[in-house]
Each structure stands twice: as C-alpha cells, then as structure tokens.
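# A closer look at the structure
Single-letter residue listing:
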Amino acid sequence: MNMSAIRAFGIALFLIGALLSLAARFDLNIGLPTKTSPNTENVEELQKKLEQANKEIALLKEQAKQASKETNQKTDTPKTTTKENHKSADAPAKDTTMTLQIYSGMEPFIVAQKLENGGVIENSVEMELLLANPKYARSLQIGSYEVNSSMSLEEIAKLITGKKQ
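Now for a look at the structure at hand. Numbering of residues starts from 1 in each chain and follows the order in which that chain's sequence is written. Where local features are concerned, this predicted model is filtered to residues with pLDDT of at least 70; where side-chain atom pairs are given and counted, the filter is 80 or more; whole-chain, interface and lining totals use all residues. As a rule here, side-chain values cover all heavy atoms of the structure and leave hydrogens and water aside.

## Some points on the overall build of the protein chain
- Scanning the protein chain for helices and strands turns up six helices and two strands.
- The way it works is that DSSP assigns letters per residue, a run of H or I at least four long becomes a helix, a run of E at least two long becomes a strand, and they are numbered from the N terminus. For the protein chain, the α and β elements follow one another from N to C terminus as α-α-α-β-α-α-β-α.
- Across the 165 residues in the protein chain, those meeting the buried criterion constitute 15%.
- Restricting to contacts in the protein chain with at least 6 residues of sequence separation, those with at least 24 account for 53%. Between buried and exposed lies partly exposed: a residue is buried under 20% and exposed over 50% of the maximum accessible area for its type, with that area taken using a 1.4 Å probe on protein chains only. In what follows, a contact means two residues having at least one pair of non-hydrogen atoms within 4.5 Å.

The structure is reproduced here in structure tokens:
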C-alpha cells in the first residue's frame, strides 16, 4: 500500500469525525437517524395544562377586580391621614430600635430588607431606591449602626453611608 493513500484515508477519517462532532455540538441534522425525545409525547398534555392555568389566572384577575370595586364602594369616607402624620403619631408609642450590621459586599437591596424586617422602615423599595441615588450609590460603610423607626430614610442613608448630616 502506498503511504500517501494511508495518509489520505487517515485525514478523511479525521475530517469525518470532526464534522460529526460539530454536527452533534450544534444540533445540525445531517441525515443521521435521531432519537425521538420523550418530551414530544407530552407536549399536548402540557399545552392543555397551560391553557387551563391561563384560564384560572384570568378568572382570578377578574375576581380581584370585582373585590377591589366592592371595597371601593363600601368605603364612603376618604382617608385624610398621610404617611407622615401616621408615622409621627405612632413614633412615640412604637419606636423600634435595631443594630444594623453592614458587611463587605452587601448590596442596598439586602440593607433595605434588613431594615424592613427589623421594623425600622415600612417599605424596603423606597430605601433601596434612595441608596441607588448617585448621592449615596457605592457609599455603604462597613460597620454596626444603631437605627430606629423615628429616623427618616434620609437620616438612615446618611448614617450608613458616612455622609455629613
């Protein structure tokens, strides 16, 4: 046998192997027999479940709308108290104090969640947005801070970022 023929045969086998591995890697159908996926058998069943779930969601949304309409109709007197008035009235009675620990790499979301879970603030999203403000962004200082519910969000943010009050 000729050496060049053996070399050509070896190169051809290598190229065929490379082509098949690329076809398998990128899921190319090059005429090879394929296995049927067991998931294709359940597609119709899953589609039915999805349609049923969508119907249930639509029904629940309608019920929620009706319930909110009923509660709006039942309340004839408008609420005149604001969040500030409510907070200042309850502040002496329910002044919650906690020690907030801030560690390296802690994100504003986690800090706001800790403050809300500790009962210091009512809405963690407001605090998170305040800490995302360019004035306080990337300024959280590692340490332990005594915070209480009588402090405003701005005061807490200044305390934990080390900004001058």
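After presenting the structure, the write-up continues.
## A word on the packing of helix α4 (residues 108-117) against helix α5 (residues 124-132)
- To get an axis, fit a line to the C-alpha atoms, keeping to the stretch in contact for a helix; angles then go from 0 to 180 degrees between the N-to-C directions. Between α4 and α5, whose axes approach to 8 Å, the crossing angle comes to 145 degrees. Here α4 and α5 pass one another in a crossing that is right-handed. Contacts between α4 and α5 involve P108, F109, V111, A112, Q113, L115 and E116 from the former and S124, M127, E128 and L131 from the latter. By the definition used in this description, the sense in which the near helix is turned from the far one sets the handedness, with an anticlockwise turn below a right angle giving left-handed and a clockwise turn giving right-handed.

## Examining helix α1 (residues 3-25)
- Every helix has an expected span of 1.5 Å times one less than the residues it contains. The terminal C-alpha atoms of α1, which comprises 23 residues, lie 33 Å apart, in line with the 33 Å expected from a rise of 1.5 Å per residue.
- Positive phi shows up at D27, right after α1, with a value of about 50 degrees.

## A closer look at the side chain of N148
- Its place among the elements puts N148 in strand β2 (residues 143-148).
- Setting aside residues up to four positions removed in sequence, N148 forms contacts with D95, T96, T97, V120 and I156.

## A look at α4
- Turning to α4, its buried residues number three or more, namely V111, A112 and L115. Axial view of α4: buried residues confined to an arc of 95 degrees, hence all on one face.
- In this structure, the buried residues of α4 make contact with β1 (97-102), α5, β2 and α6 (153-161).
- G119 sits one or two residues past α4 and shows a positive phi near 80 degrees. What the arc covers is the set of directions going from the helix axis to the C-beta atoms.

## Some points on the pairing of β1
- In β1, alternate side chains face the same way, and those of M98, L100 and I102 are buried while those of T97, T99 and Q101 on the opposite face are not.
- As defined by bridge partners, β1 adjoins β2 across six bridges and the pair is classed as antiparallel. Note on β2: the bridge partner recorded for L100 is Y145. When DSSP locates at least two bridges between a pair of strands, those strands are taken to pair.

## What about the packing of α5 against α6?
- Between α5 and α6, whose axes approach to 10 Å, the crossing angle comes to 50 degrees. Relative to α6, the element α5 lies oblique. α6 is crossed by α5, and the crossing has right-handed handedness. Taking contact as the criterion, the partners of E126, M127, L130 and L131 in α5 are, on α6, L153, E154, I156, A157, I160 and T161.
- Basically, the charged four are Asp, Glu, Lys and Arg, the nonpolar ten are Ala, Val, Leu, Ile, Met, Phe, Trp, Tyr, Cys and Pro, and anything else, Gly included, counts as polar. Taken together, the residues that form the contact of α5 with α6 break down as seven nonpolar, one polar and two charged. Relative orientations are named as follows: roughly parallel for angles under 35 degrees, roughly antiparallel for angles over 145 degrees, roughly perpendicular for angles from 65 to 115 degrees, and oblique for any other angle.

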